[in-house]
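Structural description and commentary
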Amino acid sequence: MRFFRVFALGAFLWLVQVFPATAQVSLDLRDASLRDFVQIVAQSTGRNFILDDRVQGSVTVVAPNQVSSSAIYEIFLNVLELNRLTIVEGEQADRIVPIDVARELAPGQERAGLGGDYETRVIVVRNSPVADLAEVVRPLLPAEAVLSTVPDAGLMILSDRRENFQRIVQLVDRLDTPSRNAIETIPLRNGNAADMLGVITTLAITPAGSSLSADRRSNALIVSGTPEFRDRIRNIVTQLDRPQRSIATEVVRLNYADASDLADVVRQSFGAQATSAEGAVSGNSAITIVAEPQQNALIITAPSDRVNAIVSAVRGLDQRPDQVLIEAVIFELSVDSFSDLSFQFGGVIEDATVGGVEFALAGRPTLTNLVGTVLAGGNPTGGGTGGTIAAFDKGGFGGFLAALASKSSTKLLSTPSILTLNNREAEIVVAQNVPFVTGSFSTVGDSAVPTQPFQTIERQDVGLTLKVTPQITRDKTVRLAINQEVSNLTSSASAAGGEITSKRELTTNVLVRDGHVIMLGGLMEDGNGSVNQRVPGLSELPLLGRLFKGRSTSQNQRVLLVMMRPRILSTDAEARELTRRLAREAKRASAAIAPPDDGTYPQVPDSSFPFDGANLNQPFDAGYIDKGAQSRRFPPLPSRLQFVDR
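Thresholds, definitions, all that
- Residues numbered from 1 in each chain as written.
- Predicted model: local features only at pLDDT ≥ 70, side-chain atom pairs only at ≥ 80, totals over all residues.
- Heavy atoms only, no water.
- UniProt positions renumbered as here; feature names shortened; annotations may be inferred.
- Helix = DSSP H or I, 4+ residues; strand = E, 2+ residues; numbered from the N terminus.
- Buried < 20%, exposed > 50% of the residue type's maximum accessible area, 1.4 Å probe, protein only.
- Areas by Shrake-Rupley, 256 points an atom, 1.4 Å probe, with all protein chains shown as cover.
- Patch = residues over 30% accessible without salt bridge, like charges linked within 9 Å, V, L, I, M, F, W, Y side chains within 5 Å.
- Salt bridge = Lys/Arg side-chain N within 4 Å of Asp/Glu carboxyl O.
- Axes fitted to C-alpha atoms, helices over the stretch in contact; angles between N-to-C directions.
- Parallel < 35°, antiparallel > 145°, perpendicular 65-115°, else oblique.
- Left-handed = near helix turned anticlockwise from the far one by under 90°.
- Contact = heavy atoms within 4.5 Å.
- Nonpolar A, V, L, I, M, F, W, Y, C, P; charged D, E, K, R; others polar.

As annotated in an unreviewed UniProt entry, the protein chain is General secretion pathway protein D from Roseovarius lutimaris. Annotation of the protein chain in UniProt includes, under Subcellular location (unreviewed entry), the sentence "Cell outer membrane". Entered under Sequence similarities (unreviewed entry) in the UniProt record, the comment concerning the protein chain runs "Belongs to the bacterial secretin family. GSP D subfamily."

1. Observations regarding the overall build of the protein chain
The helix and strand tally for the protein chain stands at 13 helices and 27 strands. Across the 646 residues that make up the protein chain, the buried fraction comes to 32%. Carbon and sulfur atoms make up 53% of the accessible area of the protein chain, which totals about 40000 Å².

2. A look at a nonpolar patch on the surface
Together, Leu-538, Leu-541, Leu-543, Leu-544 and Leu-547 line one region of the surface with nonpolar side chains, adding up to about 480 Å² of accessible area. When you line up the elements, Leu-541 lands in the loop between strand 26 (518-534) and strand 27 (549-569).

3. Concerning the packing of helix 9 (residues 259-270) against helix 10 (residues 304-317)
Closest axis-to-axis distance for the helix 9/helix 10 pair is 11 Å, and the angle between their directions is 135°. In terms of orientation, helix 9 lies oblique with respect to helix 10. Relative to helix 10, the crossing made by helix 9 is right-handed. Note on element contacts: helix 10 touches helix 9 through Arg-306, Ala-309, Ile-310, Ala-313, Val-314 and Leu-317, opposite Leu-262, Val-265, Val-266 and Phe-270. Here the residues of the contact of helix 9 with helix 10 are counted per class, giving nine nonpolar, no polar and one charged.

4. Examining the environment of Asp-160
Position of Asp-160 relative to the elements: it lies in strand 8 (residues 155-161). Separated by 60 residues in sequence, Asp-160 and Asp-100 place their C-alpha atoms 9.6 Å apart.

If you want it as structure tokens, here you go:
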């Protein structure tokens, strides 16, 4: 039997030597020596092998079909693995040693295309704990393989056959996946973190591998677990972390806003409780806002979670408002001219006027009145307004010549200025308070003669009135709601009684840029008229016809301009600079219209404006007190203002 095995092995070696390495050969071994099988593989693959002394044993290979040299080598590797042997590759020769000895040997040079050698490699673990993966991998390794770990660096060191090493690497790659567990911090706004942790713990909803703890310093819950667990904890906290409905009261003192006006705005914004004039109560009863006018403050009563929002809104509205200086110019020029020429004559016979010419011209006497004055023993005067020559005898015969030319002009220039807050109405009135009769009454007694008569009088302002409400926009444009009135007495009476007044009024809304001038109204009027009276026929006579004519002419012109300029004053510095400039202008204007003092007695007092804008923080009555009274008073009164040129 042994002879047969030796013969079969020898025949197989002869076949391998006769045919090339790439040829297909039959491999059928029965209890062949392992060392002889190594020799067969060396002949088939052309590789050199060095055998350890412990490489012993027999091998049986049943291969009914012909196999190639690469298949022979794969069978050879499997035979070595079954005999607990492995290959340590080298550059010229490979070493065949037991697996438990291979880890002690230096590795050789790896040759591509072959396999079965023993290797030591490093496997990097990125996501999972190294110790946990080692516990999973170690039972899958052969007893001779060596697996060590470096937990701090996340490394696994494996010494094993190359094929087994690749299997382990693939397994580690599948196990080393990112964990779904993460840490999340959930802050609490109203509740206590420790109390919240106790409530959630009693629910027993924390799965294995997850944890829940409370951080007292930040008042937050720290959750570690899967996304589903963290979402569940977050929903529970949202439902439980509700504010307590406690009531708080805050007193907010205002700096600029009016408490009564601001209280209505805040009530409407937050739905606070309000009481109507009829006593009906509306709004949220939990929020109450009361205005205290004496201290200009708001008393706010609301839930604790809403008090801060209401107070912040009040502070945002209580901002310093801008001021607006409105300067207006009203210029009015009127010219009235009048002229007439007439000749009237006649006589009276037995109290009857006979002959002559009489005209009725406005502002002129009539012939009948003059004749009646002479017959009554009075002196013959022309009457009316100058330019009249009259001559009469005692018999009632006479005449007069009336010739007049008059011209009157009036110029009115008003420059009112008014300073007001944004969105606040301001009014300036420079006028005379004139009485006007509105009615008369009498008491009738037993007699027909009325007794105790009296009249009702109404006083009205006649002069300049300016009402304006400015509103500043975001682009420094001022919206003005203006009502302006200029009135004056005309020195003429109406037929119903009472003096006639002239009135010019303007009501409008305009938009003006800061510091720009706008014309609000303008009037240019030019009127004339004439009255001619004559005696038909006689007035056509040459030369003598002038005695039978009378004529008067009138002409008037009027120019009215109204202009306005707003100036926005946002800071104290702007207001101070503008005040100084206006004071200097007033100083120059008062000096221009002051009467000169020629040095003779009596002396002309100084009536100029006492402030020039250099220093306005001085007593206002300085300079107006008599020097004698000032020197005799104790303690002494303030001295006159002293200005420094700057």
